[in-house]
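This is what each chain is made of:
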Amino acid sequence: MPSHLFADRPSPQPPERETVDALISQTRRLRGGVDAVRRDAVVDDDAHGRWQRALCDLAVHHLDDLGTHLDQLKEGLPEPAPEEVVEEEPAPGSEPDPLPGSLLSRVGSAEWNLLTDAVDWSDELFQIFGRDPGSGAMSLDELPSMVFAEDQALLTAMVTDCLVDGKPIDGEFRIVRTDGRVRTLHMMGEPVLDADGCTASMWAVLRDVSELRRSQRAVRESRDSLARERHIARTEHRLAVELQEAVLPPWRGSLRLPQGNPAALDVAAHYLPSATSALIGGDWYDALELPDGRSLLTVGDLTGHGVTATGAMAMLLGALRGMAVAGIRPGDLMGHLNQLLDHSVQPALGSAVCCQYDPATRVLSWAQAGHPAPLLFRGGTGCALTSPDGVLLGATSGAGYGQAEVQLRPGDLLVLHTDGLTRRGTSDEPGCRRLLELAPRLDTIRTAQDGVRMVVEEFGETDREDDACVLVARIGS
């Protein structure tokens, strides 16, 4: 029924049927487009994916409501002549016209006559309330009996303001239907005045917005969940960065080990973050002068990312430093690290290489645990050292680790790196070849820092999938 403030107000001119048909067609196309987005684009089951799905569901509800209102508007228009009827083809993916009692049942109307006590409800309103039309429409006094106790005062205030002060009604309340289902209704209404300006009746449209509010709540909750996850991710990233900076060696540039020895190592290292992820991994590097005059060189990598991986890396690197200072040799040291990681509260896998260099004899003793071997560059050529036996740390309880020795010469260059530096996909062989092909250029460098800079320039491209560490050591003359 038409809405009006005054009983004798002229009714507005109905919209053109062609305009309404065009709007209905546009709404159907939009509905089909949103369905396509919901089907094809939103697949992740994380917070961001749930937020996207909730937005799509909300958009669908809005478009369904718009289509419902347009259909009702079209039904109220005069029928055109038979020859003017044009059948619209539904848009691909769009829903068929709603059947009576489905989408159209979301909106109903009512009028309460204050002079005669007559009440007129539309069929749709009976469906919204789940009420048998045979039992009759409910008066304004009876209506609160179906309303939530918490919402009854709100409904009473809206009706009173409308009848006494002539204020329009615009608010929501919840009802419990006769079948026990809870629905949220949005009510809009206004008084109908007689010729003397007195309230003769109250007219209202009630819309079932339960699904819409549920979708809005899902959007809000998923958005809040996504914001929390992003906040947690930012916090964890900051903590991981701070922990990594606290654990990795504080020196920058070149480091000489041991000091004052002509055969000392010139050492430099660098950490390269992942080019495709903001997560911090468990990569490490270290160089340390030991009490007996030897020097420790090590790089390694733990599985995982974030605070957990960085914390485990800090534990492992601390243990490695302590055992090296205590005089434990590389092979036995790897066995102890494997035992430590195997009994860790949070199991993880790791790879590592541990080298101890004696400047008095220029002998390098080293062991590895599932890690790329050190690369030796000498006289413009390069090769990987032959690896002793060693499985990944944490993979096998009681695993044994071999130890190898190599005689170095003045001017030799060692390059230790984690596999994230050279790995592409599932193989790191092409990257290792590229690294060895740097031999002629590395033969011309004067400091270890120059070597690190050359490697970073070669492998610092944007398609590196993991973070990485590289350490360069040059044997003094």
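The structure contained in this document is the topic of the report that follows. Quantities reported herein were computed from a predicted structural model and do not represent experimental measurements.

### Points about the packing of aromatic side chains
Inspection of every chain in the model, using the stated rule, returns two aromatic pairs. Both rings, one in W121 and one in F129, keep their centres 5.0 Å apart while their planes meet at 35°; by these two values the pair is tilted. The pair W121 / F129 is uniform in exposure class, with both members buried.

### A closer look at the nonpolar core
By size, the foremost hydrophobic cluster in this structure holds 55 residues, and its most contacted members are W284, Y285, L297, M334, L364, L393 and L471. No other element matches the seven residues that helix α6 (residues 306–325) contributes to this core. Of all hydrophobic cores here, the second largest spans 24 residues; its members include A110, L125, M146 and L155.

### Some points on the pairing of strand β8 (residues 284–289)
As paired strands, β8 and strand β9 (residues 295–302) are joined by six bridges and run antiparallel to one another. In the sheet register, D286 faces β9, and the bridge partner there is T298. Once β8 ends, the chain turns through five residues before running back antiparallel as β9, passing G293 with a positive phi of about 95°.

### Looking at the side chain of H371
Position of H371 among the secondary structure elements: in the loop between β11 (363–369) and β12 (375–378). A relative accessible area of 6% places H371 in the buried class. A distance of 2.8 Å separates a polar side-chain atom of H371 from the backbone oxygen of H417. Apart from residues lying up to four places away in sequence, H371 is in contact with V299, G300, S351, A352, V353, H417 and T418.

### A few points about the environment of A314
Among the secondary structure elements, A314 is positioned in helix α6. Counting along the chain gives 70 residues from A314 to Q244, while the straight-line C-alpha distance between them is 7.6 Å. If we skip the residues at most four places from it in the chain, A314 touches L243 and V247.

### Some points on the sheet that holds strand β16 (residues 468–475)
The six strands are arranged β6-β7-β16-β15-β12-β13 in an open sheet whose pairing can be described as antiparallel. Looking at the sheet topology across the chains shown, the edges are occupied by β6 (255–257) and β13 (381–384). On average, each strand axis in the sheet is inclined to that of its neighbour by 25°, with strand direction left out of account. In terms of strand pairing, β6 meets strand β7 (residues 265–272) through three bridges, oriented antiparallel. Each residue of the ladder has a partner; that of L257, found in β7, is L265. Its contacts with the sheet place helix α10 (residues 448–459) against β7 and β16, and it is angled at close to 25° to β7.

### Quick look at the pattern of salt bridges
According to the stated counting rule, one finds 15 salt bridges in the structure shown. R177 is paired through a salt bridge with D179; the nearest N and O atoms lie 2.8 Å apart. The buried category is assigned to R177, whose relative accessible area is 14%. Taking the relative accessible area as the measure of exposure, D179 reaches 42% and is therefore partly exposed. Among the ionic pairs, R434 bridges to E458, the shortest N-O distance being 3.2 Å. Taken together, the positions of R434 in helix α8 (residues 429–436) and E458 in helix α10 put the pair 24 residues apart, joining distant regions of the chain.

The rules we used
Residues numbered from 1 in each chain as written. Predicted model: local features only at pLDDT ≥ 70, side-chain atom pairs only at ≥ 80, totals over all residues. Heavy atoms only, no water. Phe/Tyr/Trp six-rings, centres within 6.5 Å; stacked < 30°, edge-to-face > 60°. Buried < 20%, exposed > 50% of the residue type's maximum accessible area, 1.4 Å probe, protein only. Core = buried A, V, L, I, M, F, W, Y, C linked by side-chain atoms within 4.5 Å. Helix = DSSP H or I, 4+ residues; strand = E, 2+ residues; numbered from the N terminus. Pairing = 2+ DSSP bridges. Polar contact = N/O pair within 3.5 Å; in protein donor to acceptor, adjacent residues only side chain to side chain. Contact = heavy atoms within 4.5 Å. Axes fitted to C-alpha atoms, helices over the stretch in contact; angles between N-to-C directions. Salt bridge = Lys/Arg side-chain N within 4 Å of Asp/Glu carboxyl O.

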